[in-house]
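Summary of structural features
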Amino acid sequence: MNLPLFSPSSADEAGVRAELTAAAGKLVPILAGQAEESERLRRVSDDAARALREAGMFRLGTPRAFGGFGAGVRTSMEVTAELALGDASAAWIAMIYTGGSLVASLMDDRARDEVWGRDPDAAVASSLTPSGSGVTTEDGDLVVSGRWGWASGIDHARWVALAIAPGAADRPPLIALVPVEEVTVEDTWRVAGMAGTGSNTVVADRVRVPAHRTLDMGGVLAGAYGSRHEGEPRNAVAVASMLALTVVAPMLGMARAALDLTLATAARKPMSLTVYERLADSPSVQLAVADAASLVDTAQLHAYRAADDLDHAAAEARQLTVAERARVRMDTAVAAIRSREAVDRLVSVSGASAFALASPLQRIWRDLGTASRHGVVNPDLGREIYGRSLLGIDAQPTFII
């Protein structure tokens, strides 16, 4: 496998988006060919990870100052959605690394140089649910211990961003950036869907983290670090909204892949116990695929509207209002649930044969069923957040808005 290293021919975001999406499209058959192996390994296979890296997918979030793309939200989402046409787990780790790179890019120049100074493709995994503990030393360093679950892509990452629980109620959580070689990875990821993401548990035992590789998590979510690096406007706008919304991008790709597979099957497969020689000849199938395609469109329209809201605000150096962020959270929920509904209808069109282990459709169904239940896309919570905002209720049940 010897793919050329991708580099954009233009700094223009639209041009970068087109080129990166085309590069991702070329990876689809490679990732599809590795999907079963990745699921068996319970992590993205080495061949698939190598293909992603060589095609530039690990540097989507790397700052342009370090040879990366510093991709906007819409660009990173379209690219990872395209990757998911081949394998959802591979797309997921590309999405995770993009978010991890966004967090790392908020740190000061010393930390950024440590991460990307010699390797713009250095992947940054993350586990941003506050856990573990951190003790500050006399010289300002942080000594970190604890366990962090769900660290997707940790096997191919060089760094991991860990959220540290505050030691006191009046202190905010911290984010510590740690070399993967300084932590232990426990094999805990045994799941029905998204098995290839390798979302295992990270364990740290008195790992010393210099102060320049730490961030105040409250400051990150409030955009306090956004103006630290000139020419990187994406860092200033609604980081929590960005990290939540981009989670749905692989789901958009999964739903599109399921629709493509079903249309191909319907053109050749007879409907059991009926007069229809092809599924496509049945009015019930015609209605079902129309409904599913509309659900896929609905998911994309909501997701990309939210992405454009974030990108436009970044271009204007403007913070989104709470009302705007609440709508982004609602769009995130809608995109996830409509993608899942589309796939549920499509597996019913194909019938029981869709659940044969040889069928890619059953893996998509399991993967999307798992991914769409991620905490940041919780549809009911998204509705609650949006409803509270519409009704003028200031208090919210989560800080991820």
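Thresholds applied
- Residues numbered from 1 in each chain as written.
- Predicted model: local features only at pLDDT ≥ 70, side-chain atom pairs only at ≥ 80, totals over all residues.
- Heavy atoms only, no water.
- Core = buried A, V, L, I, M, F, W, Y, C linked by side-chain atoms within 4.5 Å.
- Buried < 20%, exposed > 50% of the residue type's maximum accessible area, 1.4 Å probe, protein only.
- Helix = DSSP H or I, 4+ residues; strand = E, 2+ residues; numbered from the N terminus.
- Contact = heavy atoms within 4.5 Å.
- Lys, Arg positive; Asp, Glu negative; His and termini not counted.
- Salt bridge = Lys/Arg side-chain N within 4 Å of Asp/Glu carboxyl O.

Moving on, we come to the nonpolar core. Burial of nonpolar side chains together is a common tendency in soluble globular proteins. Met-57 and Met-251 are the most contacted members of the largest nonpolar core, which has 122 residues in total. If one sorts the elements of this core by residue count, helix α9 (residues 283–315) sits on top with 14 residues. Beyond its immediate stretch of four places on either side in the chain, Met-57 contacts Leu-20, Ala-23, Ala-24, Leu-27, Leu-52, Val-79, Leu-83 and Ala-94.

Tracing the backbone shows Lys-269 in the loop between α8 (249–266) and α9. It is Asp-281 that comes nearest to the buried, bridge-free Lys-269 among opposite-charge side chains, at 13 Å. Once residues within four sequence positions are removed from consideration, Lys-269 is found in contact with Glu-277, Arg-278, Leu-279, Ser-350 and Ser-353.

Close approach of charged atoms allows side chains with opposite charge to pair. Within this structure, the stated rule accounts for 31 salt bridges. Among the salt bridges present, the one from Arg-388 reaches Glu-384, with a minimum N-O distance of 3.3 Å. Residue Arg-388 and its partner Glu-384 are located together in helix α12 (residues 379–390), separated by 4 residues, close to a single helical turn. Under the relative-accessibility criterion, Arg-388 is labelled partly exposed at 26%.

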